[in-house]
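# Examination of the molecular architecture
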Amino acid sequence: MSHAVDFTTVSTAGLESSPVAAALAGLRANEARYFKNKYDHVFTVEPAGDAQQTVDWVHRILEEERGIVIASRPLEATAFQVENIRMAYVFYESGLSVNVMYTVDDGGKRAVGFKLSDGMEVPAELSAFKFARQKSKLAGTIRGSYFVIKGEY
């Protein structure tokens, strides 16, 4: 069952098993606010088990591009398109958020982004990345990193 993410009243619904559920919910709400403000898109998520195709696509890109396998259990996911950009998000129990930005047009920007919830450690599988810090009213301090996708997916 999918639900729209409310960024005015942040809820941990769907993320309760995470040890950093409140921070992860804030991070999810921060993404929802961004897409509403920039694209007038309502950010909806569904349980990862109901979005297996999205989870599999993100995991395939991570594995094939960088040999990364996320150890944490996926809790929620979403996939949508805004303008000519295909987006996918997976939110993990550890507090990690992975997103894929994939411009549909040839030669467009394509990247994988990682965001760490406030209070979580950098997962071992992402230890090679440098993380920049960003302040958010909804999520506290978000640490983020990314890499450019070279293949076709």
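Residues numbered from 1 in each chain as written. Predicted model: local features only at pLDDT ≥ 70, side-chain atom pairs only at ≥ 80, totals over all residues. Heavy atoms only, no water.

### Topic: the overall build of the protein chain
For clarity, the threshold we go by: Only DSSP runs of H or I covering at least 4 residues are called helices, and only runs of E covering at least 2 are called strands; the numbering of each starts at the N terminus. For the radius of gyration, the atoms used are the C-alpha atoms, and the globule rule reads 2.2 Å times the number of residues raised to 0.38. Here's how the labels work: a residue is buried when its accessible area is under 20% of the maximum for its type, exposed when over 50%, partly exposed in between, all with a 1.4 Å probe on protein chains only. The contact criterion used is simple: two residues touch if any of their non-hydrogen atoms lie within 4.5 Å. The protein chains shown are the only cover counted for residues, whose accessible areas, like all others here, come from Shrake-Rupley with a 1.4 Å probe. Note that His is not counted, nor are the chain ends; the positive residues are Lys and Arg, and the negative ones are Asp and Glu. Lys charges are placed at NZ, Arg charges at CZ, Asp charges at CG and Glu charges at CD.
The number of helices and strands found in the protein chain is 2 helices and 8 strands. Whereas a compact globule of 153 residues would reach a radius of gyration of roughly 15 Å, the protein chain reaches 14 Å, a difference of no more than 12%. Counting over 153 residues, the protein chain shows a buried share of 48%. Of the contacts formed within the protein chain by residues at least 6 apart in sequence, a portion of 56% connects residues at least 24 apart. Looking at the protein chain as shown, the accessible area adds up to about 7800 Å², and 50% of this sits on carbon and sulfur atoms. Both charge centroids of the protein chain, one from 17 positive and one from 19 negative side chains, sit 8 Å from each other.

### So, helix H1 (residues 21–39)
Each α-helix turn comprises 3.6 residues. Residues three or four places apart therefore point the same way. How we decide: Expected span of a helix: the number of residues minus one, times 1.5 Å.
If you check H1, its first and last C-alpha atoms are 27 Å apart, about what 19 residues at 1.5 Å a residue would give, namely 27 Å. Taken together, the buried positions of H1 are Ala 21, Ala 23, Leu 24, Ala 25, Gly 26, Leu 27, Arg 28, Ala 29, Asn 30, Glu 31, Ala 32 and Phe 35. Positive phi appears at Asp 40, one or two residues downstream of H1, with a value of about 55 degrees.

### Structural notes on the pattern of salt bridges
Test applied: Put simply, a salt bridge is a Lys or Arg side-chain nitrogen that is within 4 Å of an Asp or Glu carboxyl oxygen.
Throughout the structure, instances matching the rule amount to 6 salt bridges. Here Glu 93 and Arg 73 are joined by a salt bridge, their closest N and O atoms 3.2 Å apart. Pair noted here: Glu 93 is in the loop between strand S4 (85–92) and strand S5 (96–103) and Arg 73 is in the loop between helix H2 (52–66) and strand S3 (74–82), with a separation of 20 residues, a long-range link. For Glu 93, a relative accessible area of 21% gives the class partly exposed. Classification of Arg 73 as partly exposed rests on a relative accessible area of 46%.

Keep in mind that these numbers describe shape and distance, not what the molecule does.
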